[in-house]
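Listed here are the chains, written in short residue letters.
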Amino acid sequence: MSWQRCLYGALWRTLTPLIRRYLRKRAKQAPAYLLHWDERFGRVLQPRAVGAIWIHAVSVGETRAAQPLVAALRRLWPDAPLLLTQMTPTGRATAEALYPDAEVRYLPYDYPQAAADFLAAYRPRCGVLMETELWPNLIHAAAAQRVPLVLANARLSDKSLKGYRRILGLIRPAMRDLAAVAAQTAADADRFRKIGAENITVCGNSKYDIEIPAEQMQLADGFRQRIGARQALLCASTREGEEALILDAWLAAGDAVGDALLVLAPRHPERLQAVAELAAERGLKLQRRSDGAAVAEDTQVWLGDSMGEMFGYLGACDVAFIGGSLLPFGCHNLIEPAIAGVPALFGPSVFNFQQAAADAQAAGAARQVADAAEMVALALSLLADPERRAAMREGAAAFRQAHRGASQRMLEVIRATLDAS
């Protein structure tokens, strides 16, 4: 073992008290962080079945992005057990809802022994890490135990590349131990090469292959009935600091808002109360999705206080703003609005979705704005112009269709990897 990996393992052991403190802190607002605690530290290893197809997806977005690929894998190996691992409670809950017949658990933190024990207990026939889950001890353990490990739907921003370059002595050997990398774009592939990856195929983004579940379409119909005839702007997956900017811009728009409804669906459920308080501080009447009632005529803000219902919100609204883009968080999923056929707006920070942002704009499916004031002004302009919205919906359909098929290409990479192992 290299000195870099020794130091990395020692750092995990040193940080353990801080990790426990962090989990307890998160649990004050999201109690699920205290559940299945021992799985995170590698103490619960009781596989339902060995030899599973194993998918690791850190949270909700990655778990949903895995859907088309999992469907393709199951068509190819219908009798293989399915194991899904996550790192967040919301990701775990999403996996349990999507795959009731699968085994779902947390992946242990990247302690050397925990990673090795996990793989030895479950003995997966292959492992698929979604997007940017680069855990050196896990990757080295998989190579040592001859478990083919593929990084799928792989993306790497310029910002992340700079960070990994600082620890090349640790990350380059791990990248070389990966069986294959299925990159989203040529630019992602080039960045992965710079940190040591070798067997790289550009496959595209599996998020374009996602189909809206029937229950989400029914949910959207129900939400639309609750909203009534009013037009609605959805601000989806907003992050801390962004809601205040949006609410201030909404207020500043004054009479231009008319009877339009602002729908806020924050990224993290533990922040819901804080967002409600922001609206109250500004004198805006807020109503929660969880009250089950029709949206009142004088309600100005409808708070999406539920998880796993984004397609329901998208289907019920007329224009969508994608959060994480007003402030430097890198933007959240720009592809979901295109799947739902909803005109999309996003802010200046898009380092997590650079190619998608450029392609969506080129197709006429989305528009970039400089700040919250411009976003609200453009959204209100679109709400007043059905022809422009219709043109953006057509652009969204074309944008999505041009990028479909990534999941099948990833499947071929995984099949070739298994054939060669």
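Note that the structure is a prediction, hence the values are computed from the model and not measured. Throughout, residues of each chain are indexed from 1 in the direction in which the sequence is written. Residue-level local features of this predicted model are given only where pLDDT is at least 70; pairs of side-chain atoms are given and counted only at 80 or more, and the full residue set underlies all totals for whole chains, interfaces and linings. The basis for every side-chain value is the complete set of heavy atoms in the structure, and neither hydrogens nor water enter the calculation.

Asker: Explanation requested: the overall build of the chain in the structure shown.
Answerer: Counting from the N terminus, the helices are the DSSP runs of H or I reaching at least four residues and the strands are the DSSP runs of E reaching at least two. The helix and strand tally for the chain stands at 19 helices and 14 strands. Here the C-alpha atoms of the chain give a radius of gyration of 22 Å, agreeing with the 22 Å that 2.2 N^0.38 yields for 421 residues. Three labels apply to residues, based on accessible area from a 1.4 Å probe with only protein chains included: buried if under 20% of the type maximum, exposed if over 50%, partly exposed otherwise in between. Split into buried and exposed, the 421 residues of the chain put 56% on the buried side. We call two residues in contact when some of their heavy atoms are within 4.5 Å. Partitioning the contacts of the chain with sequence separation of at least 6, the portion at a separation of at least 24 is 68%. Charge counting follows a simple rule: Lys and Arg are positive, Asp and Glu are negative, and His as well as the terminal groups are ignored. By convention, the point assigned to a charge is CZ for Arg, NZ for Lys, CD for Glu and CG for Asp. Each charge sign in the chain was given a centre, from 48 positive and 44 negative side chains, and these centres are 7 Å apart. The globule rule used for comparison is 2.2 Å times the number of residues to the exponent 0.38, while the radius of gyration itself is calculated over C-alpha atoms.

Asker: I keep staring at the pattern of salt bridges and nothing clicks. Help me out?
Answerer: Between side chains of opposite charge, pairing is possible as soon as their charged atoms come close. Salt bridges, as used here, are contacts in which a Lys or Arg side-chain nitrogen is within 4 Å of a carboxyl oxygen on Asp or Glu. Counted under the stated rule, the structure contains 22 salt bridges. Residue Asp-38 pairs with Arg-43 through a salt bridge whose shortest N-O separation is 3.0 Å. Residue classification places Asp-38 among the partly exposed residues on the basis of a relative accessible area of 33%. Where Asp-188 meets Arg-191, a salt bridge forms, and the shortest distance between an N and an O atom there is 3.2 Å. Pair noted here: Asp-188 and Arg-191 are both in helix α10 (residues 186–194), with a separation of 3 residues, about one helical turn. Across the pair, Arg-191 and Asp-188 agree in class, each one buried.

Asker: Can you walk me through the nonpolar core in this structure?
Answerer: Note on soluble globular proteins: their nonpolar side chains tend to be buried together. In these notes, a set of buried Ala, Val, Leu, Ile, Met, Phe, Trp, Tyr and Cys residues joined through side-chain atoms within 4.5 Å is what counts as a nonpolar core. Trp-54, Phe-192 and Ile-195 are the most contacted members of the largest nonpolar core, which totals 49 residues. Counting only elements with at least two residues in this core, the list comes to α1 (3–27), α6 (112–122), α7 (136–144), β5 (149–154), α8 (158–165), α9 (168–177), β6 (180–183) and α10. Here Ile-195 is in contact with Leu-134, Leu-156, Leu-161, Tyr-164, Leu-168, Ile-171, Arg-172 and Met-175, once residues within four sequence places are set aside. The next biggest cluster of nonpolar side chains, apart from the first, holds 38 residues, and it includes Leu-261, Cys-331, Ile-335 and Ala-366.

Asker: Teacher, can you tell me more about the environment of Gly-341 here?
Answerer: If you trace the backbone, Gly-341 turns up in the loop between α15 (335–340) and β13 (344–346). Once the C-alpha coordinates of Gly-341 and Ala-397 are considered, the two residues, 56 residues apart in sequence, prove to be 6.5 Å apart. For Gly-341, the residues in contact, after removing those within four places along its chain, are Arg-393 and Ala-396.

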